[in-house]
Amino acid sequence: MTVESSAARKPRRSAAGKAGTAGARRSNRSAAKQGGEPELVQLLTPEGKRVKNPEFDAYVAGITPDDLRGLYRDMVLTRRFDAEATALQRQGELGLWASLLGQEAAQIGSGRATREDDYVFPTYREHGVAWCRGVDPTNLLGMFRGVNNGGWDPNGNNFHLYTIVIGSQTLHATGYAMGVAKDGADSAVIAYFGDGASSQGDVAESFTFSAVYNAPVVFFCQNNQWAISEPTEKQTRVPLYQRAQGYGFPGVRVDGNDVLACLAVTRWALERARNGEGPTLVEAFTYRMGAHTTSDDPTRYRHDDERVAWEAKDPILRLRAHLEAAGHADEDFFAELEAESETLGKRVREAVRAMPDPDRFAIFENVYADGHALVDEERAQFAAYQASFADAEGGN
């Protein structure tokens, strides 16, 4: 499916015409230094303590207790949806599922940083970003149940269809961003991919084109430590965010389990894009708590003590600790949210089981604009094949 640019709304602003650009440049220099130990932007410690960051505090300065509760709600409901989808696959209702367990902060923080007129290009695991973009969770499941090729209109939410081919969506995002720039709009594009996809040639090509054409795109890499069974250290000799240096644009590593830091850093990166300052690489340093997909067994290639260590950095528990310590949420809030999450799980379960089977002949439609003799022949052969089952059943 092609996506037409809907971004031509307002003239692009110059980099010099936006307050805070100088601060962004300072962040660029400090977050992407040559060599040295990787720097990590963090605003909430694993214990939920708020820590100051002079470079990125400004991007969350206006956040309210309501906003914090909203981020917490987003993560809880996204995790509940994800758990229900995993259970549905185990029960034979879905063919496959790619869990986001442990990556909620990276997705919700970055997703809530986007504006309505921004455009998002996901992989197949961005369930939290889809939630932020207003995509009904049940629409994500049609492809995994095998009843459609993507259950939503990309232009309805500026959220592209899930991309199964590893890394190719970064090329789509770069091309779209180049179109946004030519349209003269001040919206931005964000592309999601994982540490494994960073080894793909498509990603390297995207970096090259986006840098040369100064495309308004943010590359958001969720480094969850494992590309299926391959650890990050077998994919790169430098921290992933430092790869941006070779292409001439900034990179920054953020604590991917810190929703507040992910929100701040992504706002900064998107602002750079809208101001005409070109691409940014954001590496969200997080961890995939579950399997790569439900067909994977992570116990065959990683140790439990690694998972246990990351459980102590759980993004939801981290924000809850902060909310409780600051007096921003009480037990009634958490109880109501728990009830809401159970309602969501039930709705998802019922919706999946009620999905109608797809039209078996739809595959032959829209192949050619005016039809084709070979397609007609294949359709007839398939129809005869389907009819043979009916004849067999009738014979019994």
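The model shown is predicted, which means the values in this text are computed figures rather than measured ones.

Cut-offs and rules
- Residues numbered from 1 in each chain as written.
- Predicted model: local features only at pLDDT ≥ 70, side-chain atom pairs only at ≥ 80, totals over all residues.
- Heavy atoms only, no water.
- Helix = DSSP H or I, 4+ residues; strand = E, 2+ residues; numbered from the N terminus.
- Areas by Shrake-Rupley, 256 points an atom, 1.4 Å probe, with all protein chains shown as cover.
- Expected span 1.5 Å × (residues − 1).
- Buried < 20%, exposed > 50% of the residue type's maximum accessible area, 1.4 Å probe, protein only.
- Contact = heavy atoms within 4.5 Å.
- Patch = residues over 30% accessible without salt bridge, like charges linked within 9 Å, V, L, I, M, F, W, Y side chains within 5 Å.
- Salt bridge = Lys/Arg side-chain N within 4 Å of Asp/Glu carboxyl O.
- 1 Å grid on protein atoms, 1.4 Å probe; cavity = no way out; pocket = protein on both sides within 12 Å on 5 of 7 lines; lining within 4 Å.
- Points joined across faces, edges and corners; volume = space filled by probe spheres on them.
- Nonpolar A, V, L, I, M, F, W, Y, C, P; charged D, E, K, R; others polar.
- Phe/Tyr/Trp six-rings, centres within 6.5 Å; stacked < 30°, edge-to-face > 60°.
- pLDDT = per-residue confidence, 0-100.
- Pairing = 2+ DSSP bridges.
- Axes fitted to C-alpha atoms, helices over the stretch in contact; angles between N-to-C directions.
- Parallel < 35°, antiparallel > 145°, perpendicular 65-115°, else oblique.
- Left-handed = near helix turned anticlockwise from the far one by under 90°.
- Arc of directions from axis to C-beta.

A few words on the overall build of the protein. Looking only at helices and strands, the protein features 13 helices and seven strands. A total of about 18200 Å² of accessible surface is found on the protein, and carbon and sulfur atoms cover 51% of it.

Turning our attention to helix H7 (residues 168-183). Taking 1.5 Å of rise per residue, the 16 residues of H7 would be expected to cover 22 Å, and the 23 Å separating its terminal C-alpha atoms lies within 8% of that figure. All of the buried residues along H7 are Ser168, Gln169, Thr170, Ala173, Thr174, Tyr176, Ala177, Met178 and Val180. Those residues of H7 hidden inside the fold are in contact with strand E1 (119-121), strand E2 (189-194), helix H8 (201-212) and strand E3 (217-223). Two residues or fewer past H7, Gly184 is found with a positive phi of approximately 80°.

Another point: a nonpolar patch on the surface. Together, Phe209, Val212 and Tyr213 make up an exposed nonpolar region whose accessible area comes to about 350 Å². One can find Tyr213 in the loop between H8 and E3.

The next subject is the layout of surface pockets. In this model, the largest pocket occupies a volume close to 310 Å³. In this structure, the largest pocket is lined by 21 residues; those nearest its centre are Tyr124, Gly194, Gly196, Ala197 and His292. Where the lining of the largest pocket is concerned, the elements lending two or more residues are E2 and strand E4 (226-227). A class-by-class count of the residues in the lining of the largest pocket yields eight nonpolar, 10 polar and three charged.

Moving on, we come to the packing of aromatic side chains. Under the criterion given, the structure shown has 29 aromatic pairs. Arranged with centres 5.4 Å apart and planes meeting at 80°, the rings of Tyr72 and Phe334 form a pair that is edge-to-face. Taken together, the residues span a long stretch of sequence, with Tyr72 in helix H2 (residues 65-90) and Phe334 in helix H12 (residues 331-353) at a distance of 262 residues. Owing to a relative accessible area of 4%, Tyr72 belongs among the buried residues under this scheme. Where Phe361 meets Phe382, the ring centres are 5.4 Å apart and the plane angle is 75°; that geometry is what we call edge-to-face.

Further remarks concern the confidence of the model for the protein. One rule of thumb: low pLDDT means the predicted coordinates there are not for detailed reading. A residue-level look at the protein finds 89% of positions with pLDDT of 70 or above and a mean pLDDT of 90. This stretch, residues 1-35, has a pLDDT under 50; its non-local contacts, to residues over four places away or in other chains, come to 82 contacts.

A separate point is the sheet that holds strand E7 (residues 280-285). Spatial strand order, E1-E2-E3-E7-E6: five strands in an open sheet with parallel pairing. Each of the sheet's edge strands pairs with one partner strand only, and the pair in question is E1 and strand E6 (251-255). The sheet shows a mean angle of 20° between the axes of neighbouring strands, direction not considered. Taken together, the six bridges between E2 and E3 define a ladder with parallel strand orientation.

Among the structural elements, His172 can be located in helix H7. With relative accessibility at 38%, the residue His172 sits in the partly exposed group. Taking C-alpha positions, His172 is 8.6 Å from Ser206, a pair spaced 34 residues apart along the chain.

Our next topic: the environment of Lys49. Inspection of the secondary structure puts Lys49 in the loop between helix H1 (21-31) and H2. Given the relative accessible area of 58%, Lys49 is considered exposed. The spacing of Lys49 and Leu323 is 274 residues in sequence and 9.8 Å in space, taken between C-alpha atoms. In this structure Lys49 touches Leu43 and Leu44, once residues within four positions along its chain are discounted.

Below, the discussion takes up the packing of helix H3 (residues 104-111) against helix H9 (residues 259-274). Viewed as axis vectors pointing N to C, H3 and H9 meet at an angle of 40°, and their least axial separation amounts to 7 Å. Judged on the interaxial angle alone, H9 and H3 are oblique. H9 is crossed by H3, and the crossing has right-handed handedness. Contact with H3, carried on its side by Ala105, Ala106, Ile108, Gly109 and Ser110, involves Val259, Cys262, Leu263 and Thr266 of H9 and no other residues of that element.

In a regular helix each residue adds 1.5 Å, so 12 residues correspond to 16 Å; helix H11 (residues 315-326) covers 17 Å between its end C-alpha atoms and thus fits that length. Among the residues of H11, those classed as buried are Pro315, Ile316, Arg318, Leu319, His322 and Leu323. On an axial view of H11, the arc spanned by its buried residues comes to 165°, and they lie on one face. Turned more than 90 degrees from where H11 packs its buried face, Leu317 and Ala325 sit exposed. Elements that come into contact with the buried residues of H11 comprise H2, H3, E6 and H9.

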